[in-house]
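Per-entry structural report
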Amino acid sequence: PERNFKINLTGYLAPHFIKLIKELNLTPWVETHPAVPYFESIKLTQQTDLLLLIDADYKNSVFFPSKLVEYLATGKPILGLTPEDSATARILTETGHQSIPSGNVTAIKNAVLDLINRYRNGTLTNRPVPPEYNAVTVTQKLANLFNSLI
C-alpha cells in the first residue's frame, strides 16, 4: 500500500511562502505551524520521518545552525539546503545525509521526489548517531578542553 506523506513546516514562515504554498495548490501535502517552545520542537523532531535543514546561503559561510547537532542526535534522515562550501554541508555529507545547494532547484526537486518514493516504499531509514556528535562524546571533549585550560 502506498504511504501518503505530509510536510509540516514549524516556525516562522514569511507570508509570501504561505501564499506560494496556496497558489501552487500544495496545501494537501504542506501544513504550516507556528513556532513552538524548544522542548516541544525536540519532541517533534523525534516524531518525524525526515528533517529539513536550511542553512544561510552565503559563500564561505561561517554560520553553523545549532539545529544540525539536534537533528543528528535524532538519527533521522536529514536533507540540507546549504552552501556547497559550508561546514554544514561537510558535516551532513560526512554523516551520510544529503546536502544540496539551495539554488539548485533541479537537484532539490530530484532529492525530494526520491525521498518521497523512499518514504512510500518503506526504505527511508534512520541512521546511527555519529559517535563524534553524541552528547557523551561532545561533553567529554568540552571537559577535556576546560581541563587543559586550568
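Residues numbered from 1 in each chain as written. Predicted model: local features only at pLDDT ≥ 70, side-chain atom pairs only at ≥ 80, totals over all residues. Heavy atoms only, no water.

**Description of the pattern of salt bridges**
Selection rule: Salt bridges, as used here, are contacts in which a Lys or Arg side-chain nitrogen is within 4 Å of a carboxyl oxygen on Asp or Glu. A helix here means a DSSP run of H or I that spans at least four residues, while a strand means a run of E at least two residues long, and both kinds are numbered starting from the N terminus.
With the rule as written, the count across this model stands at four salt bridges. With a shortest N-O distance of 3.4 Å, Glu-31 and Lys-6 are connected by a salt bridge. One end of the pair, Glu-31, is in strand β2 (residues 30-33); the other, Lys-6, is in the segment before β1 (7-10), with 25 residues separating them in the sequence. Here Glu-23 makes a salt bridge to Lys-19, at a shortest N to O gap of 3.7 Å. Taken together, the residues span about one helical turn, with Glu-23 and Lys-19 both in helix α1 (residues 15-23) at a distance of four residues.

**Some points on the sheet that holds strand β5 (residues 98-100)**
Applied cut-off: Any two strands between which DSSP finds at least two bridges are classified as paired. Fitted lines through C-alpha atoms serve as axes, helices being fitted only where they are in contact, and the angles separating the N-to-C directions of these axes extend from 0 to 180 degrees. It only takes one pair of heavy atoms within 4.5 Å for two residues to be counted as in contact.
Strand order in the open sheet formed by three strands is β3-β4-β5, and the pairing between neighbours is parallel. Looking at strand neighbours, the two that pair on one side only are β3 (51-54) and β5, the edges of this open sheet. Going across the sheet, the axis of each strand differs from the next one's by a mean of 20°, ignoring polarity. Taken together, the three bridges between strand β4 (residues 78-81) and β5 define a ladder with parallel strand orientation. By the bridge assignment for β5, Leu-79 is matched with Gln-98. Seen against the sheet, helix α3 (residues 67-74) touches β3 and β4 and runs at an angle of roughly 160° to β3.

**Examining the pairing of β1**
Note the following rule: Think of it like this: strands point away, you trace from the first strand over the helix to the second, and a clockwise trace means the crossover is right-handed.
Sheet topology note: the β1/β2 ladder contains four bridges and is parallel. The residue bridging Ile-7 from the neighbouring strand is Val-30, located in β2. Once the chain exits β1 it traverses α1 before rejoining the sheet at β2, and the crossover so formed is right-handed.

**Some details on the packing of aromatic side chains**
Here is the rule: The pairing test for Phe, Tyr and Trp rings, Trp by its six-membered ring, is centres within 6.5 Å, and the orientation test on the planes gives stacked under 30 degrees, edge-to-face over 60, and tilted for anything in between. Summary of the burial criterion: residues with accessible area below 20% of their type's maximum are buried, those above 50% are exposed, and those between are partly exposed, where the area comes from a 1.4 Å probe applied to protein chains only.
Scanning the model with the defined rule gives one aromatic pair in all. A centroid spacing of 5.2 Å and a plane angle of 75° characterise the contact between Tyr-38 and Phe-39, whose relative ring orientation is edge-to-face. Look at Tyr-38 and you get partly exposed, because its relative accessible area is 46%. Residue classification places Phe-39 among the exposed residues on the basis of a relative accessible area of 69%.

**Some details on the nonpolar core**
For clarity, the cut-off: Remark: nonpolar core denotes a set of buried residues (Ala, Val, Leu, Ile, Met, Phe, Trp, Tyr, Cys) joined through side-chain atoms within 4.5 Å.
Within the largest apolar cluster, ten residues are counted, these being Phe-5, Leu-79, Leu-81, Ile-100, Ile-108, Ala-111, Leu-115, Ile-116, Tyr-119 and Leu-124. Elements supplying a minimum of two residues to this core: β4 and α5 (105-120). The greatest single-element share of this core, amounting to five residues, is contributed by α5. Filtering out sequence-adjacent residues up to four positions away, Leu-81 remains in contact with Leu-52, Leu-53, Ile-54, Asp-55, Ile-100, Ser-102 and Ile-108. Residues Leu-68, Ile-78, Ile-91 and Tyr-133 belong to the second largest nonpolar core, which totals nine residues.

**Topic: unusual backbone geometry**
We note that Asn-25 has phi near 55°; this positive angle belongs to a residue other than glycine. Along the chain, Asn-25 falls in the loop between α1 and β2. What makes Asn-25 exposed here is its relative accessible area of 57%.

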